[in-house]
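# Working through the structure, step by step
Now for the letters of each chain:
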Amino acid sequence: SIEVYHNPAGIDFDVSLDSFFGYTPNNAINKRVSLYTGDIRCLEIDTIVNAANESLLGGGGVDGAIHKAAGKSLKKECELLGGCRPGYAKISGGHRLPAKYVIHTVGPRNKDGEILKSCYTNVFSLVREKNIKTIAFPCIATGVFGFPIEEATNIALKTTRDWLEDHHEEVERIIFCVFNEDTKKIYAKLMKLYFPAP
Ligand code: AR6
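One structure accompanies this document, and this report is about it. From a predicted model like this one, the values you see are computed outputs, not experimental measurements.

Rules behind the numbers
- Residues numbered from 1 in each chain as written.
- Predicted model: local features only at pLDDT ≥ 70, side-chain atom pairs only at ≥ 80, totals over all residues.
- Heavy atoms only, no water.
- Axes fitted to C-alpha atoms, helices over the stretch in contact; angles between N-to-C directions.
- Helix = DSSP H or I, 4+ residues; strand = E, 2+ residues; numbered from the N terminus.
- Parallel < 35°, antiparallel > 145°, perpendicular 65-115°, else oblique.
- Contact = heavy atoms within 4.5 Å.
- Nonpolar A, V, L, I, M, F, W, Y, C, P; charged D, E, K, R; others polar.
- Buried < 20%, exposed > 50% of the residue type's maximum accessible area, 1.4 Å probe, protein only.
- Polar contact = N/O pair within 3.5 Å; in protein donor to acceptor, adjacent residues only side chain to side chain.
- Expected span 1.5 Å × (residues − 1).
- Arc of directions from axis to C-beta.

## Looking at the packing of helix α3 (residues 61-70) against helix α4 (residues 72-79)
At a minimum axis separation of 5 Å, α3 and α4 run at an interaxial angle of 115°. What the angle tells us is that α3 and α4 run roughly perpendicular. Together, I66, H67 and A70 of α3 and S73, L74, K75 and C78 of α4 make up the contact between the two elements. For the contact of α3 with α4, a count of residues per class yields four nonpolar, two polar and one charged.

## A few points about the environment of P138
Considering the arrangement of structural elements, one finds P138 in the loop between β7 (134-137) and α6 (149-167). Taking the relative accessible area as the measure of exposure, P138 reaches 7% and is therefore buried. Sequence separation between P138 and I155 is 17 residues; the distance between their C-alpha atoms is 13 Å. Here P138 is in contact with I40, V49, A51, V62, Y120 and C177, once residues within four sequence places are set aside.

## Section: the side chain of K158
Tracing the sequence through the fold places K158 in helix α6. Classification of K158 as buried rests on a relative accessible area of 17%. Within polar-contact distance, the side chain of K158 engages the side chain of D162 at 2.7 Å.

## Concerning helix α5 (residues 113-129)
Taking 1.5 Å as the rise per residue, α5 with 17 residues should run 24 Å; its terminal C-alpha atoms sit 25 Å apart, in good agreement. Among all positions in α5, only G113, L116, C119, Y120, V123, F124, L126 and V127 are buried. Seen from one end, α5 has its buried residues packed into an arc of 160°, which puts them on one side. For α5, the secondary structure elements touched by its buried residues are β4 (47-52), β5 (89-93), β6 (101-106), β7, α6 and β8 (173-178). Where α5 begins, one side-chain oxygen reaches toward the backbone nitrogen of E114, 2.9 Å away; that side chain belongs to D112.

Spatial relationships are all this shows, so hold off on functional conclusions.
Quick look at the structure:
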């Protein structure tokens, strides 16, 4: 499991000191990553990611908002997906959303960092399979599921950085979508560490 270290700046992070300080500036990676504050449903891109529950039939938070905007036909399609276990991901159309697809992933209810990491890696597997170029992630598991935001952000950014090391040429843009100013500050601070400027 992921060990939590405490660094001198007071930032909790989920990776070993070696790998934390191992990220070197890489423009080809940096130019593909961005931070957006606002409603994920507004993004006209290939796919938005939904922080769903095991039923995939909708709920509260970003999930409820996505289903509301996409319309009843999204739920109809999701009924055919057969649910989804925590850490896994399934894809549907975007229906009335401007995004072409929705990738539904189910975060951990128990603050398990390995499960949260596999949400991101399983989304990336679908991205490759479907040749998806533009992706937006919400802060999976950090709302109703209660995963601590700073630890979740470290996992999101580290998993993305590691994946982009091998796959950046396959995608155009990965957007981290935050929904309030406090979360934006945490992402902005940590993005400088995982995607350092040259
Ligand atoms: N756009 C972008 N981000 C949003 C939006 C939005 N429209 N609405 C909320 N967020 P949550 P979870 C942020 O609770 O913790 C549902 O009931 C929100 O501020 O949506 O994975 C499901 O059905 C937070 O940062 O997802 C599950 O039962 C982030 O989205 C359960 O909640 C995730 O919060 C999943 O809980």
